[in-house]
Amino acid sequence: RGIALLQELPFGTYTVREVSAPVGYEISTFQNQINITEQDKTEMLQVPNQKCMRNVKVLKQSAGDEQVPLAGATFALYKVNGDIRTFVEEATTGYDGMVRFTVPYGEYMIVETKAPAGYELSGRQPVSFVVDDSTADDAEFTFTFENERSRYGLAIVKQDAKDEHKLLAGAEFAITDSRGFTKIVTTGDDGRAVMEDLVYDDYSVQEIKAPEGYALN
């Protein structure tokens with residue numbers, strides 16, 4: 001019940017301080033003096049304890065050789081008890097690619113629930129960790145999740161302005177990304193020009209050569 005009872009103390013002045021805390025709690029800095037001057041009187045003291053808290057950091061970065069922090073990834077923190085997972089909180093990475101949690105003693109799991117824009121969810125399995133009395137006071141858990149860029153395809157169809165069923169070969173298009181890099185694609189006999197493996201970005205598409213017998217669009 002959280003009660004310690006000391007009986008039959010002789011009259012006098014006593015100092016009360018905590019020398020050992022319950023598992024999962026910090027030793028209280030509370031210290032008080034009591035004066036016992038009356039027979040059959042019980043002095044009551046309430047001693048508060050703060051839970052032991054440990055820091056957890058999650059870093060979200062891009063995969064590959066040039067790893068950069070990624071904003072916009074969301075992670076969920078769960079408390080684990082056997083096969084039961086209980087949601088604790090959710091956080092989203094900032095521009096430093098980090099989310100931070102502070103947790104008391106227990107078993108936990110971290111799951112990536114949303115990838116940054118333009119990236120796939122990390123292939124990493126949810127991470128599990130335990131905070132207990134064997135965890136150092138200054139311990140900080142750090143986990144890294146890497147994400148591959150999402151890849152997209154672009155198809156351009158060139159057709160006669162007056163006959164949409166007439167598909168035109170030989171048209172060239174310049175596809176330029178936000179950095180100014182340009183790739184050229186040409187329509188085939190099916191009137192299609194396809195660009196694969198595009199990453200999340202803004203692109204401009206411009207016709208730079210018309211099919212034979214046609215004006216530039």
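Described in the following lines is the structure provided in the data block. As the structure is a computational prediction, the values presented were derived from the model and not from experiment.

We now examine the pairing of strand S5 (residues 84-92). Relative to S5, strand S4 (residues 74-81) is paired through eight bridges, and the arrangement is antiparallel. Bridge pairing in S5 places Lys79 opposite Thr86. Linkage of S4 to S5, two consecutive antiparallel strands, is achieved through a turn of two residues, within which Gly82 is found at a positive phi near 65 degrees.

Relative to the helices and strands, Asp197 resides in strand S13 (residues 192-198). The sequence separation of Asp197 and Phe173 amounts to 24 residues, and the corresponding C-alpha distance is 17 Å. Not counting residues within four places of it along the chain, the set of residues in contact with Asp197 comprises Arg151 and Tyr152.

Taken as a whole and judged by the stated rule, the model has five aromatic pairs. Both rings, one in Tyr108 and one in Phe129, keep their centres 5.5 Å apart while their planes meet at 25 degrees; by these two values the pair is stacked. Placement of the pair is Tyr108 in strand S7 (residues 106-114) and Phe129 in strand S8 (residues 127-131), with a sequence separation of 21 residues. Of the two residues, Tyr108 and Phe129, neither departs from the other in class, the shared state being buried. Positioned above the aromatic ring of Tyr78 is the side chain of Arg85, whose terminal nitrogen or guanidinium carbon lies 4.6 Å from the ring centre.

With antiparallel pairing, the four strands of this open sheet are ordered in space as S5-S4-S7-S8. Pairing within the sheet leaves two strands with one partner each, and these edge strands are S5 and S8. Geometrically, the sheet is characterised by an average inter-axis angle of 25 degrees between neighbouring strands, direction not taken into account.

The next thing to look at is the sheet that holds strand S12 (residues 182-186). With respect to topology, three strands assemble into an open sheet ordered S12-S11-S14, the strand pairing being antiparallel. A strand with exactly one partner marks an edge of an open sheet, and here the two such strands are S12 and strand S14 (204-209). With direction set aside, neighbouring strand axes in the sheet form an average angle of 30 degrees. Inspection of the sheet shows strand S11 (residues 172-176) paired to S12 by five bridges, in the antiparallel sense. Note on S12: the bridge partner recorded for Thr176 is Thr182.

Within the largest apolar cluster, 19 residues are counted, with the highest numbers of intra-cluster contacts made by Val56, Phe101, Val103, Ile110, Phe129 and Phe143. Looking at this core, the elements with two or more residues in it are strand S3 (54-62), S4, strand S6 (98-103), S7, S8 and strand S9 (140-147). With sequence-adjacent residues up to four places away left out, Ile110 is seen in contact with Val56, Val58, Phe75, Ala76, Leu77, Phe101, Pro126, Val127, Phe129, Phe143 and Phe145.

How each quantity is defined
- Residues numbered from 1 in each chain as written.
- Predicted model: local features only at pLDDT ≥ 70, side-chain atom pairs only at ≥ 80, totals over all residues.
- Heavy atoms only, no water.
- Pairing = 2+ DSSP bridges.
- Helix = DSSP H or I, 4+ residues; strand = E, 2+ residues; numbered from the N terminus.
- Contact = heavy atoms within 4.5 Å.
- Phe/Tyr/Trp six-rings, centres within 6.5 Å; stacked < 30°, edge-to-face > 60°.
- Buried < 20%, exposed > 50% of the residue type's maximum accessible area, 1.4 Å probe, protein only.
- Lys NZ or Arg CZ within 6 Å of the ring centre and 35° of its normal.
- Axes fitted to C-alpha atoms, helices over the stretch in contact; angles between N-to-C directions.
- Core = buried A, V, L, I, M, F, W, Y, C linked by side-chain atoms within 4.5 Å.

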